[in-house]
Amino acid sequence: MFIRPLDELAEDLDHTAHENSNFEVPVIDIKSLNLNDQQRHKEIIDEVRRASGTWGFFRLVNHGIPSTVMNEIIKGIKRFHEQDTEAKKQLYSNDPRNIGCLFLSNFDLYVSKYANWRDSLRCNLLSPDPLNPKDLPDTCR
């Protein structure tokens, strides 16, 4: 499960090299978003839907969050992942239904043909019960 046949791996690498030579992450600009402009609101929703369905991610620009805040968020996530394993284990769960903050690895272990190992910290800030800031890992506050 941890070793992919070389012919499959080579095929994937070749495929991505050709298709992604002009790789551009979808960019969604919300600067002009005005809640009274229903047409623009619908367009942005469509852009998010299209980018999510096609790419699985997108870059949101002109959202109003200062770059200093964004940089601190990135530093906090790095601090979390650079901790000892024992500290991260406190938030570990393999149950995707868990809400709040959780640390997970290899989240698609039972559905993927091969292990797709990556460590992730998921903080669900918009669950039905908003996350208490005290529930964030110390490194991310």
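Residues numbered from 1 in each chain as written. Predicted model: local features only at pLDDT ≥ 70, side-chain atom pairs only at ≥ 80, totals over all residues. Heavy atoms only, no water.

- In the annotation of an unreviewed UniProt entry, the entry for the protein chain reads Non-haem dioxygenase N-terminal domain-containing protein, and the organism field reads Papaver nudicaule.

### Examining the packing of aromatic side chains
No. 1: Enumeration according to the criterion identifies three aromatic pairs in this entry.
No. 2: A ring pair is formed by Trp55 and Phe57, whose centres lie 6.2 Å apart and whose planes are at 65 degrees; its orientation type is edge-to-face.
No. 3: Consider the rings of Tyr92 and Phe103, whose centres lie 6.5 Å apart with planes at 70 degrees: the pair is edge-to-face. Taken together, the positions of Tyr92 in the loop between helix H4 (85-89) and strand S3 (101-105) and Phe103 in strand S3 put the pair eleven residues apart, joining distant regions of the chain.
No. 4: Residue Tyr92 is classed as partly exposed on the basis of its relative accessible area of 42%.
No. 5: Among the residues examined, Phe103 registers a relative accessible area of 7% and is labelled buried.
No. 6: Grouping aromatic residues by their ring pairs yields a cluster made of Phe80, Tyr92 and Phe103. (Phe/Tyr/Trp six-rings, centres within 6.5 Å; stacked < 30°, edge-to-face > 60°. Helix = DSSP H or I, 4+ residues; strand = E, 2+ residues; numbered from the N terminus. Buried < 20%, exposed > 50% of the residue type's maximum accessible area, 1.4 Å probe, protein only.)

### Concerning the pairing of S3
No. 1: In terms of residue burial, S3 counts as a mostly covered element, since five of its five residues are buried.
No. 2: Neither face of S3 is open: one carries Cys101, Phe103 and Ser105, the other Leu102 and Leu104, and all of them are buried.
No. 3: Across five bridges, S3 lies against strand S4 (residues 119-123) in antiparallel orientation. The residue bridging Cys101 from the neighbouring strand is Cys123, located in S4. (Pairing = 2+ DSSP bridges.)

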